[in-house]
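Given next are the chains, with one letter for each unit.
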Amino acid sequence: MKISGYQLFWLIFSMEFGMTALFTISTPVFLAKQDAWISMIFATLICLFTTFVAVKLSLLYPEQTFIQYTQTILGKWLGKIILLSYFVMWLSVTGIMLREFADFVYLALFSSTPLWIVILIMLGAIVYVTYSGGLRSIGRCGEIIGPISAFGCILILLFSFKDWDWYNILPVYANSGIIPIVKASFTPASFLGESFMVVMLIAFMSKPKRAMISSLLGVAAASIAVLAMVLVVILVFGPQLPAKFIYPLYSAMSYISVMDFIQNVDVLAVLLWIIGIFIKLSLYVFITSYGAAQLFDMKKWQHAIWWIAPIVFVISLLPRNTNDSMNYAKFWLAVIFPINLIGIPLLLWMIGSIRKKSML
């Protein structure tokens, strides 16, 4: 069950681009107005740093997963305590993302279909690809889906070009200032920071040394694509209106019409969302299942899927509405992102590096 650096690049790009572009644009525009694109640059820098730390940490023990080397660095019992928080994080975020997917599909396509059916269909596809082929199958899906996402981004730029008003991004910086711009970067950074999951993937790479360049390029490419989508939304709607939308990019796509011939371009946004979240959810189910098997000493990691999938399904049904899901996103931004995705990995890297040097 090995993946290449090329597959890792497309996996990171696919999972980062679609969901970040559709779900996180309104907050930066609300806080930074027309300078939201500058906020995306700060978000990119933050995520490149978190990804760099995650890869450097994993390369200390390239043959081990995050579950294994955390216990190597901190000891068995302290390591397990720390890992339990990650296990709960992976379970909860998988369930919430599944619900966000269902809410979006319900709004855009199937308003008469019960949410639980939409959730079950996606969950069934995820369980199938994860159980049947594991990371190898997900990697191959990424090779196909990733270029489709990139091509879809280019199409959005081309189709929306005639509706751009460059005056919408003026004045630059003058009306915002550095604090709102930096503050606005945290929400997209917290989503892009999910590239942290490379800590569970590098052990499966055929050439672990390619992990750094593949991971950083994947994050950079996804960030640039999201930056382009932020500009599209601002250039089409201006700095005020997008802040009031739940899915600004989807609204922008609904507005586009090319020569009264190419219409309903919003279907393209739906496609990008579905294929991106399929890759992301599949990766989360894999690392949660494989991590649970290692954490609880299970002989066959696939067996963990059969009790993880029902838990994820139940979690996805807990939010009463979109506001509940957004409350979890706020908790993710305020607590999980700075602690689990930045603080603990940075601490582990420092301790692991010291231990490695002391052994020489």
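My aim in this report is to walk through the structure given alongside it, one point at a time. Just so it is clear, the model here is predicted, and its values are computed rather than measured.

Cut-off values and rules
Residues numbered from 1 in each chain as written. Predicted model: local features only at pLDDT ≥ 70, side-chain atom pairs only at ≥ 80, totals over all residues. Heavy atoms only, no water. 1 Å grid on protein atoms, 1.4 Å probe; cavity = no way out; pocket = protein on both sides within 12 Å on 5 of 7 lines; lining within 4 Å. Points joined across faces, edges and corners; volume = space filled by probe spheres on them. Helix = DSSP H or I, 4+ residues; strand = E, 2+ residues; numbered from the N terminus. Nonpolar A, V, L, I, M, F, W, Y, C, P; charged D, E, K, R; others polar. Salt bridge = Lys/Arg side-chain N within 4 Å of Asp/Glu carboxyl O. Buried < 20%, exposed > 50% of the residue type's maximum accessible area, 1.4 Å probe, protein only. Polar contact = N/O pair within 3.5 Å; in protein donor to acceptor, adjacent residues only side chain to side chain. Contact = heavy atoms within 4.5 Å. Phe/Tyr/Trp six-rings, centres within 6.5 Å; stacked < 30°, edge-to-face > 60°. Lys NZ or Arg CZ within 6 Å of the ring centre and 35° of its normal.

By volume, the largest pocket is sized at about 460 Å³. Along the wall of the largest pocket there are 20 residues; nearest its centre are Ser26, Thr27, Thr187, Met326 and Lys330. Those elements that provide at least two residues to the lining of the largest pocket are α2 (26–32), α7 (178–192) and α12 (322–359). It is α12 that provides the largest number of residues to the lining of the largest pocket, a total of 6 residues. Broken down by class, the residue content of the lining of the largest pocket amounts to 11 nonpolar, 6 polar and 3 charged.

Moving on to the pattern of salt bridges. Counting across every chain of the model gives 3 salt bridges. With its nearest N and O atoms 3.2 Å apart, the salt bridge here joins Lys162 to Asp163. As a salt-bridge pair, Glu194 and Lys280 come within 2.7 Å of each other at their nearest N and O atoms. Here Glu194, found in the loop between α7 and α8 (211–237), pairs with Lys280, found in helix α10 (residues 266–295); they are 86 residues apart in sequence, far enough to count as distant. Owing to a relative accessible area of 4%, Glu194 belongs among the buried residues under this scheme.

What follows is about the side chain of Ser58. Tracing the backbone shows Ser58 in helix α3 (residues 36–60). Side chain to side chain, Ser58 and Tyr69 meet in a polar contact 2.9 Å long. When near neighbours in sequence (up to four residues on either side) are disregarded, Ser58 contacts Tyr69, Val198, Val199 and Ile202.

Now for the environment of Ile308. With respect to the helices, strands and loops of the structure, Ile308 is situated in helix α11 (residues 302–317). Note: C-alpha distance between Ile308 and Ile41 (267 residues apart in sequence) is 36 Å. Look past the residues within four positions of Ile308 in its chain and what remains in contact with it is Phe87, Leu91, Thr288, Ser289 and Ala292.

For the rest of this paragraph, the subject is the environment of Ala243. Residue position: Ala243 is located in the loop between α8 and α9 (248–255). Ala243 gets classed as partly exposed once you look at its relative accessible area, which sits at 24%. Placed 82 residues apart in sequence, Ala243 and Ser325 show a C-alpha to C-alpha distance of 18 Å. In this view, Ala243 contacts Ser26, Val29 and Phe30; residues no more than four positions away in its chain are not counted.

Right, let's get into the packing of aromatic side chains. Summed over the entire model, instances satisfying the criterion amount to 25 aromatic pairs. Ring geometry for Trp164 versus Trp166: centroids 5.6 Å apart, planes at 90°, classification edge-to-face. With a centroid separation of 5.4 Å and an interplanar angle of 65°, the aromatic rings of Phe237 and Phe245 are classed as edge-to-face. What makes Phe245 partly exposed here is its relative accessible area of 25%. Of the aromatic side chains, those joined through ring pairs into one cluster are Tyr61, Phe66, Tyr69, Tyr86, Trp90 and Phe196. Stacked on the ring of Phe30, the Lys or Arg Lys33 has its end atom at 5.6 Å from the ring centre. One cation-aromatic arrangement involves Lys76 over Trp77; the distance from NZ or CZ to the ring centre is 5.7 Å.

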